[in-house]
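Take a look at the letters that make up each chain.
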Amino acid sequence: MDFEIPQEYVLLRDQFRRFLEKEIRPYEEKYKFENAVPYEVHMEVRRLSRKAGFYGIHLPEEVGGGGLDIFGYVLLLEELGKSLIIHFSTDIIGGAGGPTPILLDGSEEQIEKYLKPLIRAEKTMCFALTEPGAGSDATAIKTRAVKKNGRYVINGRKHFITNAPYADFALVFAVTDPSKGIKGITGFIVEKGTPGFEVGRIHETMTGTRMHGELIFEDCEVGEEQVLGKEGMGFIQAMKWITLGRLVVAAQCTGSAQGALDLAVKWAKERVAFGRPIARYQAIQWMVADSATEIFAAKSILYSTAWKASQGMDVRKESAMAKVYASEMAGRVIDRALQIHGGMGFMRELPIARLYQVVRAARIGEGTSEIQRLTIARRLLEEY
Amino acid sequence: MKILVTVKRVPDPDMKVRVNAEGTGIVEDNMKFVINPFDEIAVEEGLRIKEKKGEGEVVIVAIGPSVVQEQIRAALAMGADRGIHVDVDSYPDPLNTAKLLKAVAEKEAPNIVIMGKQAVDDDYGQAGQMLAAMLGWAQATFAYKVEIADDNSKATVTREVDGGLETIEIDLPAVVTADLRLNEPRYASLPGIMKAKTKPMDVFKPADLGVELSPVLELVRMEEPPPRKGGIIVETVDELLDKLRNEAKVI
């Protein structure tokens, strides 16, 4: 039994940390009092990260990625979380609008035309599954794509779509055959500017960003070459990567919690109240002890699950456990970190206040906490 | 052009170092170790020289227990060609370090040896100078800029000295020690890290190099600096002068 992280991963993580501190930290500092960052700045950061070899590092080398395995990917995401770089969290390795493995299911032409420019940080996309009437129950989507004379006509509405206002193209999931259930859902690559495709309302989030929005399709016609892979495979393609998506959230939450605890402990040792550092009061000690213990638990789940996933094992149950535990744990730890900082924690000068808001989304995105528990229970009941 | 670069394993300068209870060293549990930052600059310079020449070999040498192979691999990941590990149980003092490096230099016959100006753990800053003296080679310490002549016979080195810069020309082979502003080390890439795993690394014991270690320094005791006391605000200039003269005894 060897729990040591292999040296090459440690080395890569060190390089990554140095890159974040030297190249990205100045951007984060510059915008720390802003709710949102101009889109060009996101792209600038992506290009920087591309140049340093981190953007798209989790995608295969054949398509221009770095070929990093899941374990390494998770380690870097954890480090990214720990850095408390918030504005650019999806611009460093990939994420909303960036290189996504789901496009690996595309044809050679699609990979050339869509995936590679994403990895080169030249283009941006959005993933459009959620609808006003279909969130956790994604199979209930109503957007229809009807085949006519060898082309598809798409009608429907998507919402809460991350990156909607900026995407050069959207990966849109629509029902092509209502009689086939999940096997009747197809993914389409729809380019910006295609007649009948428009960005609707922009949603402002709790953190004040304005990068989520609606996509509206009205008799939007696309050719067969815009189908991702094969007709009827859309939902299966989307689900194939869900395990990885959950590990991504778990890793970033585990890292963020660690970053918040690091700040809180340093603060508690310096901040004096009633004549001594507050770290010497048990009320504070219990908070940091609980936090450190919970982070340790999350990390243990995360690493063992990521390791199993890297070996190609089925981790559907474990990744749901990692996600639900880490996202809820991060909520608690960051809340305590804010409390330890007192008034200072409420100020935007420190990243804790923003982090407190941002981490709330982790219990919703990539499957709500409730869906994770459902998944865990379903697998568990099957096992007995 | 053969470039020999030395790297030392040191505690991560960003981490808090604690002295062990016996006062014989630092607590190594949970400690992270890295390439001495000045040595990392030396590695980068070696790589840049090779890249500029369009030919050559960058050989990394490190002295210490087997864990120092991690730092050799890190330098190989940056792009160096091969490694030499001089296997000793503990880190020798500067004189014995220089003796071992002399043996490696004689074996390898490089055109230049590049070292960090000092290691950030013990801060001796002596090994480079001692090595040059033992080899009878020229030395250029605290390098700010290094240029190698086309025929590899000479180097022009700009040095950081008190109050400014000094440019000297030295015959090669020579020993150059890197200062902070010589360059900004690159990031090791993922392909670089993967390639480093299969790059050759030779391991020698001091005896293999014909060196017998004879320590000249003994660590008597290590202790942490006393915690800084809070300052005071003086009322008058006279009081300040009095304190500087009679309490601090600095004027």
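The sections below set out a description of the structure shown in this document. (Residues numbered from 1 in each chain as written. Chains lettered and ligands numbered in written order. Predicted model: local features only at pLDDT ≥ 70, side-chain atom pairs only at ≥ 80, totals over all residues. Heavy atoms only, no water.)

**As for the overall build of chain A**
Assigned secondary structure in chain A consists of eleven helices and nine strands. Overall size of chain A, expressed as C-alpha extent along the three principal axes, is 80 × 50 × 40 Å. A burial count over chain A gives 53% of its 384 residues as buried. For chain A, restricting intrachain contacts to residue pairs at least 6 apart in sequence, the fraction spanning at least 24 positions comes to 73%. (Helix = DSSP H or I, 4+ residues; strand = E, 2+ residues; numbered from the N terminus. Buried < 20%, exposed > 50% of the residue type's maximum accessible area, 1.4 Å probe, protein only. Contact = heavy atoms within 4.5 Å.)

**A few points about the packing of aromatic side chains**
Applying the stated rule across the entire model yields eleven aromatic pairs over all chains. Ring centres of A:Tyr27 and A:Phe88 lie 6.0 Å apart, and the angle between their planes is 75°; on these two criteria the pair is classed as edge-to-face. On the criterion of sequence distance, the pair formed by A:Tyr27 in helix H1 (residues 7–30) and A:Phe88 in the loop between helix H3 (70–82) and helix H4 (108–119) is long-range, its members being 61 residues apart. Residue class for A:Tyr27 comes out buried when judged on its relative accessible area of 17%. Owing to a relative accessible area of 0%, A:Phe88 belongs among the buried residues under this scheme. Relative to A:Phe217, the ring of A:Phe197 lies with its centre 4.9 Å away and its plane at 5°, an arrangement referred to as stacked. Placement of the pair is A:Phe197 in strand S6 (residues 197–203) and A:Phe217 in strand S7 (residues 212–223), with a sequence separation of 20 residues. This pair shows no difference in class: A:Phe197 is buried, exactly as A:Phe217 is. Put simply, the rings of A:Phe16, A:Phe19, A:Phe54 and B:Tyr187 pair up and form one aromatic cluster. (Phe/Tyr/Trp six-rings, centres within 6.5 Å; stacked < 30°, edge-to-face > 60°.)

**Focus: the nonpolar core**
Soluble globular proteins: nonpolar side chains tend toward being buried together. One finds A:Phe16, A:Phe19, A:Phe88, A:Ile92 and B:Ile60 to be the most contacted residues of the largest nonpolar core, which totals 111 residues. In this structure A:Ile92 touches A:Phe16, A:Phe19, A:Leu20, A:Ile24, A:Val45, A:Ser49, A:Phe54, A:Tyr55 and A:Leu80, once residues within four positions along its chain are discounted. (Core = buried A, V, L, I, M, F, W, Y, C linked by side-chain atoms within 4.5 Å.)

**Some remarks on empty space enclosed by the protein**
Residues and elements named next belong to chain B. Under the defined criterion, the tally for this structure stands at one cavity of 30 Å³ or more. The volume enclosed by the largest cavity comes to roughly 340 Å³. In terms of lining residues, the largest cavity is bounded by 27 residues, among which Lys 8, Thr 97, Met 115, Ala 119 and Ala 127 are the most central. For the lining of the largest cavity, the secondary-structure elements that each account for two or more residues are strand S4 (57–64), helix H3 (94–108), strand S6 (112–116) and helix H4 (127–135). Within the lining of the largest cavity, the residues separate by chemical class into twelve nonpolar, ten polar and five charged. (1 Å grid on protein atoms, 1.4 Å probe; cavity = no way out; pocket = protein on both sides within 12 Å on 5 of 7 lines; lining within 4 Å. Points joined across faces, edges and corners; volume = space filled by probe spheres on them. Nonpolar A, V, L, I, M, F, W, Y, C, P; charged D, E, K, R; others polar.)

**Observations concerning H1(A)**
The terminal C-alpha atoms of H1(A) lie 34 Å apart, and with 24 residues this matches the ideal 34 Å at 1.5 Å per residue to within 8%. Most pronounced at A:Ile24, the bend in H1(A) amounts to some 50°, and the proline A:Pro26 follows within four residues. (Expected span 1.5 Å × (residues − 1). Bend = angle between axes of the 7 residues up to and from the residue.)

**Some words on the sheet that holds strand S8 (residues 154–161) of chain B**
Residue and element names in this part refer to chain B. With mixed pairing, the nine strands of this open sheet are ordered in space as S9-S8-S7-S10-S6-S1-S4-S5-S11. What marks the edges here is a single partner per strand, and that holds for strand S9 (164–171) and strand S11 (201–204). Within this sheet the neighbouring strands show an average axis-to-axis angle of 35°, counted without direction. The pairing of strand S7 (residues 138–148) with strand S10 (residues 174–178) spans four bridges and is parallel. Residue pairing across strands places Gln 139 opposite Val 175, the latter belonging to S10. Contacts from helix H2 (residues 69–78) reach S4, strand S5 (82–87) and S11, with the element oriented near 165° to S5. (Pairing = 2+ DSSP bridges. Axes fitted to C-alpha atoms, helices over the stretch in contact; angles between N-to-C directions.)

**As for the interface of chain B and chain A**
Residue-level contacts link 15 residues of chain B with 16 residues of chain A. Between chain B and chain A, the buried area comes to about 1,400 Å², and carbon and sulfur atoms account for 56% of it. For the chain B face of the interface with chain A, the top three residues by lost area are B:Tyr187, B:Leu190 and B:Ile193, together amounting to 47%. In this structure, the connection of chain B to chain A is made through four salt bridges. Here B:Lys32 and A:Asp14 are joined by a salt bridge, their closest N and O atoms 2.7 Å apart. The tally of links from chain B across to chain A stands at eight residue pairs in polar contact (both at pLDDT 80 or more). (Buried area = accessible area lost by both parts, 1.4 Å probe. Salt bridge = Lys/Arg side-chain N within 4 Å of Asp/Glu carboxyl O. Polar contact = N/O pair within 3.5 Å; in protein donor to acceptor, adjacent residues only side chain to side chain.)

**Side note on the environment of B:Gly125**
Residues and elements named next belong to chain B. Inspection of the secondary structure assignment puts Gly 125 in the loop between S6 and H4. Residues Gly 125 and Thr 141 lie 16 residues apart in sequence; the distance between their C-alpha atoms is 9.8 Å. Excluding anything up to four places from it in sequence, Gly 125 contacts Lys 117 and Gln 118.

**Thoughts on the pattern of salt bridges**
Under the criterion given, the structure shown has 46 salt bridges over all chains. A salt bridge links B:Lys117 to B:Asp179; its shortest N-O distance comes to 3.1 Å. Here B:Lys117, found in the loop between S6 and H4, pairs with B:Asp179, found in the loop between S10 and helix H5 (190–196); they are 62 residues apart in sequence, far enough to count as distant. Per residue, the accessibility class of B:Lys117 equals that of B:Asp179, and both read buried. Within this structure, A:Asp14, A:Arg17, A:Glu79 and B:Lys32 form a network of salt bridges that share partners.

**Concerning H3(A)**
Residue and element names in this part refer to chain A. Over its 13 residues, H3 runs 18 Å from end to end, which matches the ideal 18 Å to within 8%, given 1.5 Å per residue. With eleven of 13 residues buried, H3 lies mostly within the body of the structure. Of all the positions in H3, only Phe 71, Gly 72, Tyr 73, Val 74, Leu 75, Leu 76, Leu 77, Glu 78, Glu 79, Leu 80 and Gly 81 are classed as buried. Buried positions along H3 lie against H1, helix H6 (242–270) and helix H7 (282–310). One or two residues past the end of H3 sits Leu 84, with phi positive at roughly 55°.

**What about a nonpolar patch on the surface?**
All names here are of chain A. There is a patch of nonpolar side chains on the surface, built from Ile 182, Met 233 and Ile 236 and spanning about 220 Å² of accessible area. Within the secondary structure, Met 233 sits in the loop between S7 and helix H5 (234–240). According to the relative accessible area criterion, Met 233 is partly exposed, its value standing at 35%. (Patch = residues over 30% accessible without salt bridge, like charges linked within 9 Å, V, L, I, M, F, W, Y side chains within 5 Å. Areas by Shrake-Rupley, 256 points an atom, 1.4 Å probe, with all protein chains shown as cover.)

**Focus: the packing of helix H8 (residues 316–341) of chain A against helix H11 (residues 369–383) of chain A**
The relative placement of two packed helices comes down to the angle between their axes together with the axis-to-axis distance. Residue and element names in this part refer to chain A. Closest axis-to-axis distance for the H8/H11 pair is 9 Å, and the angle between their directions is 145°. As for how H8 packs across H11, the hand of that crossing is left-handed. Across the interface between the two elements, Arg 316, Lys 317, Ala 320, Met 321, Lys 323, Val 324, Ser 327 and Glu 328 of H8 pack against Ser 369, Gln 372, Arg 373, Thr 375, Ile 376, Arg 379, Leu 380 and Glu 383 of H11. For the contact of H8 with H11, the per-class residue count stands at five nonpolar, four polar and seven charged. (Left-handed = near helix turned anticlockwise from the far one by under 90°.)

**Focus on unusual backbone geometry**
Across the junction of B:Leu172 and B:Pro173, the peptide omega takes the value 0°, indicating a cis bond. As for its position among the elements, B:Pro173 is in the loop between S9 and S10. In the Ramachandran plot, A:Leu84 falls in the positive-phi region, its phi being about 55° despite a non-glycine side chain. By the secondary structure assignment, A:Leu84 is in the loop between H3 and H4. Classification of A:Leu84 as buried rests on a relative accessible area of 7%.

**Quick look at the pairing of S5(B)**
All names here are of chain B. Among the six residues in S5, six count as buried, and that is most of the element. The side-chain alternation of S5 yields two buried faces, one formed by Arg 82, Ile 84 and Val 86 and the other by Gly 83, His 85 and Asp 87. Taking the sense of rotation as the criterion, the β-α-β connection linking S4, H2 and S5 turns out right-handed. Of the strand pairs in this sheet, S5 and S11 are connected by four bridges, and their pairing is parallel. Bridge pairing links Val 86 to Phe 204 in S11. (Right-handed = clockwise from strand over helix to strand, strands pointing away.)

In short, shape yes, function no, at least from these values alone.
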